[in-house]
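Fold and contact review
Each chain is listed here by its residues.
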Amino acid sequence: MRHDLIGILSILFLFGAAHASADNTTERINGVSQFLIDRANDNYLYIFERSIKNNNALKCYFGQTRENLELAGLKELLISRELWKSSLENDLDTLLTRSSARYIERTFEFSKQTSTLWSGYIELLQYLEVKHNGNFHPLNQLPIGADQELINLVNSFYETANNINAALEYFGGLNQDNLCQTPVVSRKEFIKKIDSVYKIDESVKKIIGVFKKHLKNKTLKVSESASHELQNGLIAYTESQLLVVTQQNDNVIDDIKELIELTDLFRDDNTSNTVKVVTAFKAIRSHASISADDFNKLKRHVLFFAQVSDSETSDEVSTILKSYTLPSVSFFEKRTKSEKWIINSYLGVAFGGSDVPSGEDDSNSGGIYAPIGLEYSHTIGDGGSLSYMVAPFDFGYPISLKLNGIESEVEFDEIVAPSLGVTYGWPKSPLAIGIMYQKGRTFATSDEQEERAFVHISFDMPLFILM
């Protein structure tokens, strides 16, 4: 807040310096006004960038975009549309892949099938023996000094089952309570594991095919310690054990395909990033433990990135910046936020009395009141706001002239009218009522100052929210 006050004091100094050195009042005012606007825009861009950097949800779900912001800064990155576009698209792709992988595990519990598949298959292999160099060797162990040919032969019975097991087990690490805690999943790895799940039917058939081949060649036999059922029908027994997994998977393949199609959407260059972001938020809301406040902040910041990356012209970027970085110029901000420092203005009518030091022309009167100044505001119990204002300027006099159709030059001294006051803002209304004390030039005798105390009823018009 100290820097904001220093800035305001500096502006007043510049205004006074311009008044002392320039001849044209209108140009002086326009020059300082443009300085104020440019400086305010730079400050709001900084404030907006700081709020983005402090967004932990953005760091979690859109890590690369957040990292680019940290390295280069918002103002510099806005110059490079392609950099925003690339980082946002990568983050979106990772987010949807990550969310889909977690959804699969939490919904279908693939990792739990690994124990069913693996333990069942290992149990089966311990009753099987394969022939090599005229001798049968058990598949559940290798003799010391086994040659490479025997090693490869035994491994051929495990390789396919290992691939199935790895694919199912992969999803186990994704079963987290919070999507933010879920490990980052690359699309390439995700698709590879999903393909393995899709092809479990083929993998099981491949295992059975290996059994059939060795049975036909009489190079595979069931040990005498095996069950009667296994001894009488190895293939039938294998199918009954392994196809349990494939039958479970048949029930979820269609659902998984829908997720794959969704992630494919994020590889489509014809789909705007804004559309992709809106779709991504559905995944975040469904699968992330995130508060409503954090979700809204994340949505605001990421939609900003998306719209900037979709923009084609500098005018579009400028419009987007204004809509996201400049605060709402609405009285409602003061009625819904607990505490705010604001550059505020009012426009209304005032009724009160004035006191001239010379004792002449003391009177009760009314007129237009239009101050601009620094204000501290906070909400009160009924939903209204209570505000305390220090205003160096009052544009009531020139506005009165305009309303009455009077064309007249306005001196700088005629808008310098420092005032102090307190104002109450009605709930759900732009109307406000306040008590003010002001000191300014008299309009009857321009060489004198007068003190005024009055009540005003005005429209409440915040210009800039400082903090």
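Preceding this section is the structure that the text describes.
Summarised in this report is the structure supplied together with it. This one's a predicted model, so the numbers in the text were calculated from it and none came from an experiment. Each chain has its residues counted from 1, running along the sequence as written. Local features in this predicted model are restricted to residues whose pLDDT is 70 or higher, and side-chain atom pairs enter the listing and the counts only when it is 80 or higher, whereas totals over whole chains, interfaces and linings include all residues. Hydrogens are left out, water is left out, and the side-chain values use all remaining heavy atoms of the structure.

**As for the pattern of salt bridges**
Condition: Salt bridge, as used here, is a side-chain nitrogen of Lys or Arg placed within 4 Å of a carboxyl oxygen of Asp or Glu. The way it works is that DSSP assigns letters per residue, a run of H or I at least four long becomes a helix, a run of E at least two long becomes a strand, and they are numbered from the N terminus. Exposure categories follow from relative accessible area, calculated using a 1.4 Å probe and restricted to protein chains: below 20% of the type maximum is buried, above 50% is exposed, and the middle band is partly exposed.
What the rule picks out here adds up to 6 salt bridges. The partner of Lys276 in a salt bridge is Glu89, and the shortest N-O contact between them spans 3.9 Å. In this pair, Lys276 is assigned in helix α15 (residues 273–287) and Glu89 in helix α6 (residues 81–108), connecting sequence segments 187 residues apart. When its relative accessible area of 1% is taken as the criterion, Lys276 is described as buried. Salt-bridge contacts for Lys297 lead to Asp293; the nearest nitrogen and oxygen are separated by 3.4 Å. In this pair, Lys297 and Asp293 are both assigned in helix α16 (residues 292–310), 4 residues apart and thus about one turn of the helix distant.

**Focus on the environment of Asp394**
To be explicit about the condition: We call two residues in contact when some of their heavy atoms are within 4.5 Å. Pairing of N or O atoms within 3.5 Å defines a polar contact, subject to two protein rules: one partner must be a possible hydrogen donor and the other a possible acceptor, and residues neighboring in sequence count only if both atoms are side-chain atoms.
By the element assignment, Asp394 lies in strand β7 (residues 385–394). Residue contacts for Asp394: discarding those within four places in its chain leaves Tyr369, Ala370, Pro371, Glu414, Ile415, Ala417 and Gln438. A distance of 2.8 Å separates a polar atom in the side chain of Asp394 from the backbone nitrogen of Gly396. Side chain to side chain, Asp394 and Gln438 meet in a polar contact 3.1 Å long.

**Remarks on the sheet that holds strand β2 (residues 135–138)**
Note the threshold: Pairing between strands is defined by DSSP: at least two bridges between them are needed. For helices, the axis comes from a line fit to the C-alpha atoms of the stretch in contact; other axes are also lines fit to C-alpha atoms, and the angle between any two N-to-C directions lies between 0 and 180 degrees.
Spatial ordering of the open sheet is given by β2-β1-β3, a layout of 3 strands whose pairing is antiparallel. Unpaired on one side and paired on the other, β2 and β3 (220–222) mark the two borders of the sheet. This sheet shows a mean twist of 35° between the axes of neighbouring strands, independent of strand direction. The pairing of strand β1 (residues 128–132) with β2 spans 4 bridges and is classified as antiparallel. Pairing of His132 across the sheet is with Asn135, part of β2. Across the sheet, helix α8 (residues 148–155) lies against β1 and β2, angled at about 145° from β1, the strand it touches most.

**Digging into the pairing of strand β9 (residues 431–441)**
Pairing of strand β8 (residues 416–425) with β9 involves 7 bridges; the strand directions are antiparallel. Each bridged residue has a counterpart across the sheet, and for Val422 the counterpart in β9 is Ile435. Where β8 hands over to β9, the hairpin turn is made up of 5 residues, of which Lys428 adopts a positive phi near 55°. Bridge analysis of β9 against strand β10 (residues 449–465) gives 11 bridges, and the strand direction is antiparallel. If you follow Gln438 over to β10, its bridge partner there is Arg452.

**Description of the packing of helix α4 (residues 63–72) against α6**
For the record, the criterion: Under the grouping applied here, Gly and all other residues not named as nonpolar or charged are polar, the nonpolar ones being Ala, Val, Leu, Ile, Met, Phe, Trp, Tyr, Cys and Pro and the charged ones Asp, Glu, Lys and Arg.
Following both chains from N to C, one finds α4 and α6 inclined at 145°, their axes separated by 7 Å at the closest point. Where α4 approaches α6, its residues Gly63, Gln64, Thr65, Asn68 and Leu69 are matched on the opposing element by Leu83, Trp84, Ser87, Leu88, Asn90 and Asp91. For the contact of α4 with α6, a count of residues per class yields 4 nonpolar, 6 polar and 1 charged.

**Brief notes about unusual backbone geometry**
Located in the positive-phi region is Asn133, a residue other than glycine, with phi close to 55°. Looking at where Asn133 falls in the secondary structure, it is placed in the loop between β1 and β2. With a relative accessible area of 60%, Asn133 lands in the exposed category. Phi at Lys218 takes a positive value of approximately 60°, unusual for a residue other than glycine. Secondary-structure assignment places Lys218 in the loop between α11 (200–216) and β3.

**A closer look at the packing of aromatic side chains**
Selection rule: Each Phe, Tyr or Trp ring (for Trp, its six-membered ring) is paired with any other whose centre lies within 6.5 Å, and the angle between the two planes then decides the class: stacked below 30 degrees, edge-to-face above 60, tilted in between. Working rule: Lys NZ or Arg CZ, within 6 Å of ring centre, within 35 degrees of ring normal, means a charge sits over the ring.
Enumeration over the complete set of coordinates arrives at 8 aromatic pairs. Pairing Trp341 with Tyr376 gives two aromatic rings, centres 5.2 Å apart and planes at 50°, and the pair type is tilted. Here Trp341, found in strand β4 (residues 339–355), pairs with Tyr376, found in strand β6 (residues 371–379); they are 35 residues apart in sequence, far enough to count as distant. A relative accessible area of 31% means that Trp341 is categorised as partly exposed. Given a relative accessible area of 21%, Tyr376 falls into the partly exposed group. Summarising the aromatic geometry, the rings of Tyr369 and Phe454 are spaced 4.9 Å apart at their centres and angled 70° between planes, so their arrangement reads as edge-to-face. With Tyr369 in strand β5 (residues 363–369) and Phe454 in strand β10, the pair connects residues that are 85 residues apart, well separated along the chain. Across the pair, exposure class does not vary: Tyr369 and Phe454 are buried alike. Here the aromatic cluster, defined as three or more aromatic residues joined through ring pairs, consists of Phe48, Phe304 and Phe305. Sitting over the ring of Phe136, Lys221 keeps its end group 4.6 Å from the ring centre.

**A few points about the packing of helix α9 (residues 159–170) against α11**
In a pair of packed helices, the angle between the axes and the distance between the axes together describe the arrangement. The following threshold applies: Roughly parallel refers to an angle under 35 degrees, roughly antiparallel to one over 145, roughly perpendicular to one between 65 and 115, and oblique to any angle outside these ranges. In a left-handed crossing the near helix is turned counterclockwise from the far helix by less than a right angle, and in a right-handed crossing that turn is clockwise.
Contact geometry for α9 and α11: axes closest at 9 Å, N-to-C directions at 155°. Considering their axes alone, α9 and α11 lie roughly antiparallel with respect to each other. The handedness of the crossing between α9 and α11 is left-handed. Contacts from Thr160, Ala161, Ile164 and Leu168 in α9 reach Ile200, Ser203, Val204, Lys206 and Ile207 in α11.

**Observations concerning the pairing of β10**
Alignment of β4 against β10, held across 14 bridges, turns out to be antiparallel. By the bridge assignment, Leu347 is partnered in β10 with Phe459.

**Details of the nonpolar core**
Selection rule: Residues enter a nonpolar core if they are buried and are Ala, Val, Leu, Ile, Met, Phe, Trp, Tyr or Cys, with the set joined through side-chain atoms within 4.5 Å.
Phe157, Phe171 and Phe211 are the most contacted members of the largest nonpolar core, which has 36 residues in total. Elements with a contribution of two residues or more to this core: α6, α7 (110–125), β1, α8, α9, α10 (187–198), α11 and α13 (234–250). Looking at which element gives the most residues to this core, the answer is α11, with 5 residues. In this structure, Phe211 is in contact with Tyr121, Leu124, Leu125, Leu128, Phe157, Leu220, Leu234, Ile235 and Thr238, ignoring residues within four places of it in sequence. Counting residues in hydrophobic clusters, the runner-up holds 33 residues, among them Phe48, Cys60, Ile284 and Phe295.

**Overview of the environment of Phe281**
Its place among the elements puts Phe281 in helix α15. Given a relative accessible area of 5%, Phe281 falls into the buried group.

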